[in-house]
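# Structural description and commentary
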Amino acid sequence: MKQEKAVVVFSGGQDSTTCLFWALKQFKEVATVTFDYGQRHHAEIECARQIAEELGVSFKVLDMTLINQLSANALTRDNIEITEEAGGMPSTFVPGRNHLFFSFAAVYAQAIGARHLVTGVSETDFSGYPDCRDTFVKSLNVTLNLAMDAEFVTHTPLMWLDKAGVWELSDQLDAFDFIQQRTLTCYNGIQAEGCGVCPACKLRSQGLEEYLKRRMV
């Protein structure tokens, strides 16, 4: 039996779109919320909008550009190079982003009568982002319930999956081709396979290659 209403924190990328397909099988009604935080390219938001429309779910964009006033990082500034160094924080890390996103998603969820929050964060392939960890999500869930006198349940279907596992889940959800062709994960704003050179594209491509080898066995 399907549960009640859910809000998916949605970017139009591989992970959040996989979560959207997952949520559609789990809940009676699904809404999506996307954030404009001054990211490098608006293509991400438009891709999310198109996917939501095609899948027949509501789509809400919240203005979070205030983050860009507080933090200089490669996701919001064209003049900062996208880099990842072993042992260091990636230049794409936006401090407080998921904390703010999930909190505002909860406010939106309460406004539309949704109890469940779904997000595609993963501790397995989290690129060093501290706000993708399981402990953070669980802690914030408790805080949101205390702050809003609510009973939110946060779902993280990808938390313990690597990228190959995410591709496998999309296949199990009959969404493999859709996610491969329609989503936008690339830091440079290129849909589907992307630029092939940024960290997000490399991670996506390596996971796909690993999963396809596994699927052929």
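Quick notes on the rules
- Residues numbered from 1 in each chain as written.
- Predicted model: local features only at pLDDT ≥ 70, side-chain atom pairs only at ≥ 80, totals over all residues.
- Heavy atoms only, no water.
- Core = buried A, V, L, I, M, F, W, Y, C linked by side-chain atoms within 4.5 Å.
- Buried < 20%, exposed > 50% of the residue type's maximum accessible area, 1.4 Å probe, protein only.
- Helix = DSSP H or I, 4+ residues; strand = E, 2+ residues; numbered from the N terminus.
- Contact = heavy atoms within 4.5 Å.
- Pairing = 2+ DSSP bridges.
- Right-handed = clockwise from strand over helix to strand, strands pointing away.
- Axes fitted to C-alpha atoms, helices over the stretch in contact; angles between N-to-C directions.
- Left-handed = near helix turned anticlockwise from the far one by under 90°.
- Nonpolar A, V, L, I, M, F, W, Y, C, P; charged D, E, K, R; others polar.
- Salt bridge = Lys/Arg side-chain N within 4 Å of Asp/Glu carboxyl O.
- Phe/Tyr/Trp six-rings, centres within 6.5 Å; stacked < 30°, edge-to-face > 60°.
- Lys NZ or Arg CZ within 6 Å of the ring centre and 35° of its normal.

This part is about the nonpolar core. V7, F35, F102 and F152 are the most contacted members of the largest nonpolar core, which has 33 residues in total. The set of elements that each furnish at least two residues to this core consists of β1 (3-9), β2 (27-36), α4 (97-111), α5 (134-148) and α8 (199-216). If one sorts the elements of this core by residue count, α4 sits on top with 6 residues. In this view, V7 contacts A31, V33, Y108, A109, I112, A114, H116, L117 and V118; residues no more than four positions away in its chain are not counted.

Attention shifts here to the pairing of strand β3 (residues 58-63). Where β2 and β3 come together, 6 bridges link them in parallel fashion. Within β3, the position partnered with A31 by the bridge is S58. Handedness of the β2-helix α2 (residues 43-55)-β3 crossover: right-handed.

Another point: the packing of helix α1 (residues 14-26) against helix α6 (residues 163-172). As a packed pair, α1 and α6 sit with axes 10 Å apart at the nearest point and diverge in direction by 35 degrees. The chirality of how α1 crosses α6 is left-handed. Here α1 contributes Q14, D15 and T18 to the contact with α6, which in turn contributes K163, V166, W167, L169 and S170. For the contact of α1 with α6, the residue count by class is 3 nonpolar, 3 polar and 2 charged.

So, about the sheet that holds strand β4 (residues 116-118). With respect to topology, 5 strands assemble into an open sheet ordered β3-β2-β1-β4-β5, the strand pairing being parallel. Only two strands of the sheet have a single neighbouring strand rather than two, namely β3 and β5 (153-155). When strand polarity is set aside, the average angle formed by the axes of neighbouring strands in this sheet is 25 degrees. Pairing analysis gives 6 bridges linking β1 to β2, with the strands arranged parallel. Its bridge partner lying in β2, V7 is registered against A31. The sheet strands contacting α1 are β1, β2, β4 and β5, and the helix crosses β2 at an angle near 155 degrees. Of the strands in this sheet, β1, β2, β3 and β4 are in contact with α4, which crosses β2 at around 135 degrees.

Next up on the list: the pattern of salt bridges. Overall, the coordinates contain 10 salt bridges when judged by the stated rule. Across the salt bridge formed by K138 and D134, the nearest N and O atoms sit 3.0 Å from each other. Residue K138 and its partner D134 are both found in helix α5; the two are separated by 4 residues, about one turn of the helix. Overall, the relative accessible area of 53% leaves K138 in the exposed class. Owing to a relative accessible area of 13%, D134 belongs among the buried residues under this scheme. Residue E209 pairs with K213 through a salt bridge whose shortest N-O separation is 3.6 Å. Taken as a pair, E209 and K213 lie in helix α8 at a separation of 4 residues, close to a single helical turn. The class for E209 is partly exposed, based on a relative accessible area of 46%.

For the rest of this paragraph, the subject is the packing of aromatic side chains. Summed over the entire model, instances satisfying the criterion amount to 7 aromatic pairs. Aromatic side chains W22 and F27 sit 6.1 Å apart centroid to centroid with 70 degrees between the ring planes, which places their arrangement in the edge-to-face category. Accessibility classification places W22 together with F27 in one group, the buried group. With 4.1 Å between their ring centres and 5 degrees between their planes, F35 and F101 make a pair best called stacked. Taken together, the residues span a long stretch of sequence, with F35 in strand β2 and F101 in helix α4 at a distance of 66 residues. One exposure class covers both F35 and F101, and it is buried. An aromatic cluster is defined as three or more aromatic residues linked by ring pairs; in this entry it consists of F35, Y37 and F101. Here R215 stacks its cationic end above the ring of F176, 4.7 Å away from the centre of that ring.

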